[in-house]
Amino acid sequence: EDQVTQSPEALRLQEGESSSLNCSYTVSGLRGLFWYRQDPGKGPEFLFTLYSAGEEKEKERLKATLTKKESFLHITAPKPEDSATYLCAVLGGSQGNLIFGKGTKLSVKP
Amino acid sequence: DSGVTQTPKHLITATGQRVTLRCSPRSGDLSVYWYQQSLDQGLQFLIQYYNGEERAKGNILERFSAQQFPDLHSELNLSSLELGDSALYFCASSVEVSGATDTQYFGPGTRLTVL
């Protein structure tokens, strides 16, 4: 069964304190791994798609990496506005729907 | 702004009632997906339509149904509502049907409260 597990469930950082979020997955035939950001009561906002092991993508203070079993979202020198829930999702096999993890709730204090 | 629109933003209704949620995909997108998000379950896939035809079903209850119209907008119908149906309902859209690695863009959601 395809599955996505994110850790930690919650992460509290001080402004400027870099860290990483983890997404481990089991899926038959990974076609893509997606990172989304979700603010409370809002829809998920697309951040990155990674297709193959070794791939990396960056956007401002965020960098996503992918291995054969997991993905990391690295946050460098975070700011309070980076506070949100970060969701990881995979697309695999012949399915068209995303399978989501439960997310990591990030809080960045000034 | 993802370009996906959903109405209404909030919906409050009673148990046993029926409601309809509406979604308009991004311009040019042919696939529409419906997801349910509750506090304990996270985002769960309900159903997918591509160019008017049902393509995939997830954990969708028999009391729920959906359709996609010729103008590509979609509606999710929820009937015989129960307290446990209270959740955020999201619509997402993408360009192509499954088989391609395709980014899904999400709408702002409809918050359903069943009293």
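Procedures and definitions
Residues numbered from 1 in each chain as written. Chains lettered and ligands numbered in written order. Predicted model: local features only at pLDDT ≥ 70, side-chain atom pairs only at ≥ 80, totals over all residues. Heavy atoms only, no water. Pairing = 2+ DSSP bridges. Helix = DSSP H or I, 4+ residues; strand = E, 2+ residues; numbered from the N terminus. Axes fitted to C-alpha atoms, helices over the stretch in contact; angles between N-to-C directions. Buried < 20%, exposed > 50% of the residue type's maximum accessible area, 1.4 Å probe, protein only. Phe/Tyr/Trp six-rings, centres within 6.5 Å; stacked < 30°, edge-to-face > 60°. Polar contact = N/O pair within 3.5 Å; in protein donor to acceptor, adjacent residues only side chain to side chain. Contact = heavy atoms within 4.5 Å. Buried area = accessible area lost by both parts, 1.4 Å probe. Salt bridge = Lys/Arg side-chain N within 4 Å of Asp/Glu carboxyl O. Nonpolar A, V, L, I, M, F, W, Y, C, P; charged D, E, K, R; others polar.

Moving on: the sheet that holds strand β7 (residues 62–66) of chain A. Residues and elements named next belong to chain A. The antiparallel open sheet is built from five strands, whose spatial order is β1-β3-β8-β7-β6. At either margin of the open sheet sits one strand with a lone partner, and together these are β1 (3–7) and β6 (56–59). Along the sheet, successive strands turn relative to each other by an average axial angle of 15 degrees, direction set aside.

All names here are of chain B. Judged by which residues are buried, strand β7 (residues 64–68) turns out to be one-sided: Phe64, Ala66 and Gln68 face inward and are buried, whereas Ser65 and Gln67, on the alternate face, are not. Pairing between β7 and strand β8 (residues 74–78): five bridges, direction antiparallel. Counted as the bridge partner of Gln67 is Glu75 from β8. Connecting β7 to the next strand, β8, in antiparallel fashion are five residues, including Leu72 with a positive phi near 80 degrees.

This part is about the packing of aromatic side chains. On inspection of all chains with the given rule, the structure shows ten aromatic pairs over all chains. Seen in terms of ring centroids, Tyr36 of chain A and Phe46 of chain A are 6.0 Å apart; in terms of plane orientation they differ by 70 degrees. Their pairing is edge-to-face. With a gap of ten residues between them, Tyr36 of chain A in strand β4 (residues 30–38) and Phe46 of chain A in strand β5 (residues 45–50) connect regions that are remote in the sequence. Look at Phe46 of chain A and you get partly exposed, because its relative accessible area is 22%. An angle of 75 degrees between the planes, with centres 6.5 Å apart, marks the rings of Phe64 of chain B and Tyr89 of chain B as edge-to-face. Within this pair, whereas Phe64 of chain B is found in strand β7, its partner Tyr89 of chain B is found in strand β9 (residues 87–94), the two being separated by 25 residues in sequence.

What follows concerns the sheet that holds β7 of chain B. Residue and element names in this part refer to chain B. Read across the sheet, four strands follow the order β1-β3-β8-β7 without closing on themselves; strand pairing throughout is antiparallel. Bordering the open sheet on either side are β1 (5–7) and β7, each of which pairs with just one other strand. Averaged over neighbouring strand pairs, the angle between their axes works out to 15 degrees when direction is ignored. Two elements, strand β3 (residues 19–24) and β8, share five bridges in a ladder whose sense is antiparallel. Note that in β8 the partner of Thr20 across the bridge is Asn77.

All names here are of chain A. Note that strand β2 (residues 10–14) and strand β11 (residues 104–109) share five bridges and pair parallel. When the sheet's bridge partners are listed, Leu11 is paired in β11 with Leu106. Across three bridges, the pairing between strand β9 (residues 84–92) and β11 is antiparallel. Bridge assignment links Thr85 to a residue of β11, and that residue is Lys105.

Here we take up the side chain of Asn22 of chain A. All names here are of chain A. Here Asn22 is to be found in strand β3 (residues 19–26). Overall, the relative accessible area of 12% leaves Asn22 in the buried class. Within the local environment of Asn22, its side chain forms a polar contact with the side chain of Glu70, the two groups lying 2.9 Å apart. Every residue in contact with Asn22, bar those within four places of it in the chain, is listed here: Thr5, Gln6, Ser7, Glu70, Ser71 and Phe72.

Taken together, the contact pairs 21 residues of chain A with 22 residues of chain B. Of the roughly 1600 Å² buried where chain A meets chain B, counting both sides, 56% is carbon and sulfur surface. For the pair chain A and chain B, the number of links is zero salt bridges. Where chain A touches chain B, the interface holds four residue pairs in polar contact (both at pLDDT 80 or more). Sorting the residues of the side of chain A that touches chain B by element identifies β4, β5 and β9 of chain A as the ones contributing at least two each. Here the element with the most residues in the side of chain A that touches chain B is β4 of chain A; it accounts for five residues. Looking at side-chain class alone, the side of chain A that touches chain B contains nine nonpolar, nine polar and three charged residues.

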